[in-house]
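Each chain, letter by letter, is given below.
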Amino acid sequence: MGRKSGFVVIAAGMLVLSACGGTTEPVSTEVAATDEYTVDTQGDASFLAGTAKANNAAEGTGDWAKGQDGTVNSARAESSSRWVELTAGKAGALDPVVVNGAGLTLYRFDKDSAAPSKSVCVGECAKQWPPVTVAKRGKVFVSGVQQSAVGFVTRDDGSRQVTIGGWPVYRFAKDTKAGDTNGQGVGGTWFGVTPTGTKAGAQSAKATSVVLFDEPRFSENGAAEGTAGPGCKNLARPRNASSLTAQGSLKLWSEKDCEGKSLVVTGDVPDLAALGFDNSATSVFFG
């Protein structure tokens, strides 16, 4: 808990004790505030403005304690749950999107629910998409994210997952460095999360259809295939495209059902080989 001007903030419905003794009126059952941060009275989480670094978080704790795959071994489990950072930032083509203390993109899952908050990503899903969790009485550093948008939901295993706009938030195990957005559009159900909980990238112009050509530079000497959205579409003739035409942005995937290696493209692409994606497109995501 935090100290400021001789007062200690404690759980909702209890009393505030002054440094000189005695009591004041009961703290609000919503949020108790100090000049430094406010307290989530449902779980006593401290909200601090600014990044973890700016608040001098201890090295090897919180977001910094997790491995690159998002897992936490037993030796780091306690320190990793001390805090989480939620920062409005930019990652790849997503702007804005929420990133954690290590600059890794955070995501939401369409199969979850926001009202009420509920996570259905468990078991193997949670290994691929590690939930963002914080211990009771832990800290949440917010930068560019309104505290009012942040909440918590108890998972089936008893851990406490962070929500934004009601949506449970996750990392993606295949994002290994700041700026990676490999989880965007996976399965047509996973998206970066904005500071208000909406889908990142939704404000950008999105293609609704595409024509993929077997030959580069839209040559009609080879075959072509067209497909349209919304959502994820598997190609009838996978791994043949060398160029494409589209209005707006879409995402190509190397495997069926919008899985595998991905590439975001905008507008016409005369030569997919120049982008390292020649004869690779197997599915397309619109949205």
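Check the entry above for the structure.
Computed from a predicted model, the values in this text were never measured in an experiment.

Trainee: So what about the overall build of the protein? Which residues, and what values?
Mentor: Scanning the protein from N- to C-terminus turns up two helices and 24 strands. Residues classed as buried in the protein amount to 48% of the 287 residues present. Taking the contacts inside the protein whose residues are at least 6 apart along the sequence as the reference set, 64% of them involve residues at least 24 apart. As displayed, the protein has an accessible area near 13,600 Å², and 50% of this comes from carbon and sulfur atoms.

Trainee: Quick one: what's the story with the state of the cysteines, residue by residue and with numbers?
Mentor: Tallied over the full model, the rule gives two disulfides. The disulfide partner of Cys121 is Cys125, and the S-S distance across this bridge is 2.0 Å. Handedness of the Cys121-Cys125 disulfide follows from its S-S torsion of about -105 degrees: it is left-handed. We classify Cys121 as buried; its relative accessible area is 0%. A sulfur-sulfur separation of 2.1 Å characterises the disulfide bridge that pairs Cys232 with Cys258. Measuring the twist about the S-S bond at about 110 degrees, one finds the Cys232-Cys258 disulfide to be right-handed. Placement of Cys232 in strand β20 (residues 231-234) and of Cys258 in the loop between β22 (249-255) and β23 (259-266) is noted, with a sequence separation of 26 residues between them. Residue classification places Cys232 among the partly exposed residues on the basis of a relative accessible area of 25%. The exposure class of Cys258 is buried, given its relative accessible area of 0%. Numbered by order of appearance in the sequence, the disulfide-linked cysteines of the protein pair as 1-2, 3-4.

Trainee: Report on the pairing of strand β8 (residues 83-91), specifying residues and quantitative values.
Mentor: Where a strand is regular, its side chains alternate between the two sheet faces. By the criterion of burial, β8 is predominantly enclosed, with seven of the nine residues buried. Pairing of β8 with strand β13 (residues 139-143) involves five bridges; the strand directions are parallel. Residue pairing for β13: Trp83 is matched across the bridge by Lys139. By the bridge criterion, four bridges tie β8 to strand β9 (residues 94-99) in an arrangement that is antiparallel. Residue pairing across strands places Ala91 opposite Leu94, the latter belonging to β9.

Trainee: Quick rundown of the sheet that holds strand β14 (residues 150-154)? Include the residues and the values.
Mentor: Strand order in this open sheet of three strands is β14-β15-β16, and the pairing throughout is antiparallel. Both outer strands of the open sheet, β14 and β16 (167-168), are each paired with one neighbouring strand and no more. Pairing of strand β15 (residues 160-164) with β16 involves two bridges; the strand directions are antiparallel. Residue pairing across strands places Ile164 opposite Trp167, the latter belonging to β16.

Trainee: Can you lay out the packing of aromatic side chains for me, pointing to particular residues and giving the numbers?
Mentor: Taken as a whole, this structure holds eleven aromatic pairs when the rule is applied. Ring centres of Trp129 and Phe172 lie 4.1 Å apart, and the angle between their planes is 25 degrees; this geometry places the pair in the stacked category. Taken together, the residues span a long stretch of sequence, with Trp129 in the loop between α2 (124-128) and β13 and Phe172 in the loop between β16 and β17 (190-192) at a distance of 43 residues. Given a relative accessible area of 5%, Trp129 falls into the buried group. We classify Phe172 as buried; its relative accessible area is 4%.

Trainee: Give a description of the environment of Trp64 that names residues and reports values.
Mentor: Along the polypeptide, Trp64 turns up in the loop between β7 (45-49) and α1 (77-80). Along the primary structure Trp64 and Ala102 are separated by 38 residues, whereas in three dimensions their C-alpha atoms are 6.3 Å apart. In contact with Trp64, other than residues within four places in its own chain, are Ala52, Lys53, Ala57, Ala58, Glu59, Trp83, Gly101 and Ala102. Within the structure, the side chain of Trp64 is placed 3.3 Å from the backbone oxygen of Gly101, a separation counted as a polar contact.

Trainee: An account of the pairing of strand β18 (residues 209-213) is needed here, citing residue identities and associated values.
Mentor: Where β18 meets strand β19 (residues 224-228), five bridges bridge the pair, whose relative direction is antiparallel. Among the inter-strand pairings, Val210 is bridged to a residue of β19, identified as Thr227. Bridge analysis of β18 against strand β21 (residues 243-245) gives three bridges, and the strand direction is antiparallel. Looking across to β21, one finds that Val211 is bridged to Thr245.

Reading the values: the criteria
- Residues numbered from 1 in each chain as written.
- Predicted model: local features only at pLDDT ≥ 70, side-chain atom pairs only at ≥ 80, totals over all residues.
- Heavy atoms only, no water.
- Helix = DSSP H or I, 4+ residues; strand = E, 2+ residues; numbered from the N terminus.
- Buried < 20%, exposed > 50% of the residue type's maximum accessible area, 1.4 Å probe, protein only.
- Contact = heavy atoms within 4.5 Å.
- Areas by Shrake-Rupley, 256 points an atom, 1.4 Å probe, with all protein chains shown as cover.
- Disulfide = S-S within 2.5 Å.
- Pairing = 2+ DSSP bridges.
- Phe/Tyr/Trp six-rings, centres within 6.5 Å; stacked < 30°, edge-to-face > 60°.
- Polar contact = N/O pair within 3.5 Å; in protein donor to acceptor, adjacent residues only side chain to side chain.

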